[in-house]
Amino acid sequence: MKAFFDLLPVICFFITFKVAGSYTTELTPIVPVAADLIPIVTATAVIIVASILQMGFIYMKGQKPSKMAIFSTLLVVLFGGMTIAFQDPAFIQWKPTLLYWLFAAILLFGRFGKKDYIKKVFTGISMPDHAWKKVENFCLIFLIAIGFINIFVAYTFSMDIWVDFKLFGLLGLTLLFTIGLGFYVAKYAEEAQNTGHHN
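Just so we're clear, the structure is a prediction, and the values are computed from it rather than from any experiment.

### A word on the confidence of the model for the chain
In low-pLDDT segments, the atomic positions of the prediction should not be examined closely.
No. 1: Looking at the chain as a whole, the pLDDT averages 89, with 94% of positions reaching at least 70.
No. 2: Mean pLDDT per element in the chain: helix α6 (residues 117–121) is the minimum at 76, and helix α3 (residues 38–60) is the maximum at 96.

Written as structure tokens, this is what we have:
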């Protein structure tokens, strides 16, 4: 349920883009942009509103949103706003890439500042330092690579394909990476558990 809630703004973006694309003629008098931009501009406006409402709902429940959620919302508002203001989809298309690269930069900053941000993500798991370093390297490579992949899709394929990729492609790649990383971490967690039993 939490995963669905986290994805809700993106799902709203996806649905709005598809629906607006089917009703471009009807929306032309309402949305003051070129006809071919109506789907992406309308979807961008919806994801901005949905993201803000999502943050508001979290705060109303007395909870604190994750830093990733806060950064993501700020980027959606900033780059989504520029997409609408300048009627240029490139801004919202760059948003996922900048978010991924921002977290890659945070990991690099932590490495040079001797702060183990990765260990905070996997709280309660004990692994040797070389294993943590590998996990950090895996995350850095993934974050940088997926940022490039997003831009490649955005500039190589149609807007329709990019919108599909934004929901299904980015989610699928992230899920596959998370599963693979989980297996790697679980291997060390199991070894640590077995060592504890032997002791």
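### Considering a positive patch on the surface
No. 1: A contiguous patch of positive charge on the surface is contributed by Lys 64, Lys 67, Lys 115 and Lys 120.
No. 2: If you trace the backbone, Lys 64 turns up in the loop between α3 and α4 (67–86).

### Remarks on the packing of aromatic side chains
No. 1: Evaluation of the coordinates by the stated rule reveals 10 aromatic pairs.
No. 2: Summarising the aromatic geometry, the rings of Phe 14 and Phe 168 are spaced 5.3 Å apart at their centres and angled 85° between planes, so their arrangement reads as edge-to-face. With Phe 14 in helix α1 (residues 2–22) and Phe 168 in helix α8 (residues 159–198), this residue pair connects regions lying 154 residues apart in the sequence.
No. 3: A ring pair is formed by Trp 94 and Trp 101, whose centres lie 6.2 Å apart and whose planes are at 70°; its orientation type is edge-to-face.
No. 4: A relative accessible area of 27% means that Trp 94 is categorised as partly exposed.
No. 5: A connected cluster of aromatic rings, assembled from ring pairs, spans Trp 94, Trp 101 and Phe 148.
No. 6: The side chain of Lys 166 reaches across the aromatic face of Phe 13, ending 5.6 Å from its centre.

### Description of α3
No. 1: Over its 23 residues, α3 extends 33 Å from the first C-alpha to the last, a length consistent with the 33 Å expected when each residue adds 1.5 Å.
No. 2: Within two residues after α3, Gly 62 carries a phi angle of roughly 80°, on the positive side.

### So, the packing of helix α5 (residues 90–112) against helix α7 (residues 129–156)
No. 1: At a minimum axis separation of 9 Å, α5 and α7 run at an interaxial angle of 165°. Here α5 is positioned roughly antiparallel relative to α7, judged by the angle of their axes. The hand of the α5/α7 crossing is left-handed.
No. 2: Residues belonging to the contact of α5 with α7 are distributed by class as follows: 18 nonpolar, 5 polar and 3 charged.

### A few points about the environment of Leu 8
No. 1: Here Leu 8 is to be found in helix α1.
No. 2: With relative accessibility at 31%, the residue Leu 8 sits in the partly exposed group.
No. 3: Each C-alpha atom, one on Leu 8 and one on Asn 150, is 20 Å from the other, the two residues being 142 residues apart in sequence.

### Focus on the nonpolar core
No. 1: Within the largest apolar cluster, 45 residues are counted, with the highest numbers of intra-cluster contacts made by Ile 40, Val 135 and Trp 162.
No. 2: Secondary-structure elements contributing two or more residues to this core are α1, α3, α4, α5, α7 and α8.
No. 3: Ranked by residue count, the leading element in this core is α7, at 10 residues.
No. 4: When neighbours within four sequence positions are excluded, Trp 162 is seen to be in contact with Phe 13, Ile 40, Ile 92, Gln 93, Pro 96, Asn 150, Val 153 and Ala 154.

What counts and what doesn't
Going along each chain's sequence as written, the residues are numbered from 1 onward. Local features in this predicted model are restricted to residues of pLDDT 70 or higher, and side-chain atom pairs are both shown and tallied only at a pLDDT of 80 or more, whereas totals for entire chains, interfaces and linings draw on every residue. Think of the side-chain values as coming from all heavy atoms in the structure, minus any hydrogens and water. Scored from 0 to 100, pLDDT records how confident the predictor is in each individual residue. For helices the rule is a DSSP run of H or I covering at least 4 residues; for strands it is a run of E covering at least 2, with both sets numbered from the N terminus onward. Note that patches include only residues with greater than 30% relative accessible area and no salt bridge, and the join distances are 9 Å for like charges and 5 Å for nonpolar side chains (Val, Leu, Ile, Met, Phe, Trp, Tyr). Per-residue and other accessible areas follow the Shrake-Rupley method at a 1.4 Å probe size, with only the shown protein chains counted as cover for residues. By definition here, a salt bridge exists when the distance from a side-chain nitrogen of Lys or Arg to a carboxyl oxygen of Asp or Glu is within 4 Å. Neither His nor the chain termini are counted; the positive set is Lys and Arg, and the negative set is Asp and Glu. A charged residue contributes its charge at one atom only: NZ of Lys, CZ of Arg, CG of Asp or CD of Glu. Here is the rule: rings of Phe, Tyr and Trp (six-membered ring for Trp) pair when centre to centre is within 6.5 Å. Planes less than 30 degrees apart are stacked, more than 60 are edge-to-face, and the remainder are tilted. Summary of the burial criterion: residues with accessible area below 20% of their type's maximum are buried, those above 50% are exposed, and those between are partly exposed, where the area comes from a 1.4 Å probe applied to protein chains only. Remark: a charge is flagged as sitting over a ring if the NZ atom of Lys or the CZ atom of Arg is within 6 Å of the ring centre and within 35 degrees of the ring normal. Take the residue count of a helix, subtract one, and multiply by 1.5 Å to get its expected span. Whenever a helix is involved, its axis is fitted only over the stretch in contact; in every case the axis is a line through C-alpha atoms, and angles between N-to-C directions fall within 0 to 180 degrees. Each angle gets one of four labels, with under 35 degrees taken as roughly parallel, over 145 as roughly antiparallel, 65 to 115 as roughly perpendicular, and the rest as oblique. Helix crossings get a hand from a simple test, with the near helix turned counterclockwise from the far one by less than a right angle marking a left-handed crossing and a clockwise turn marking a right-handed one. Asp, Glu, Lys and Arg are counted as charged, while Ala, Val, Leu, Ile, Met, Phe, Trp, Tyr, Cys and Pro are counted as nonpolar; the rest, among them Gly, fall into the polar class. By nonpolar core we mean a set of buried residues, namely Ala, Val, Leu, Ile, Met, Phe, Trp, Tyr and Cys, connected to one another through side-chain atoms within 4.5 Å. Any two residues having at least one pair of non-hydrogen atoms within 4.5 Å are treated as being in contact.

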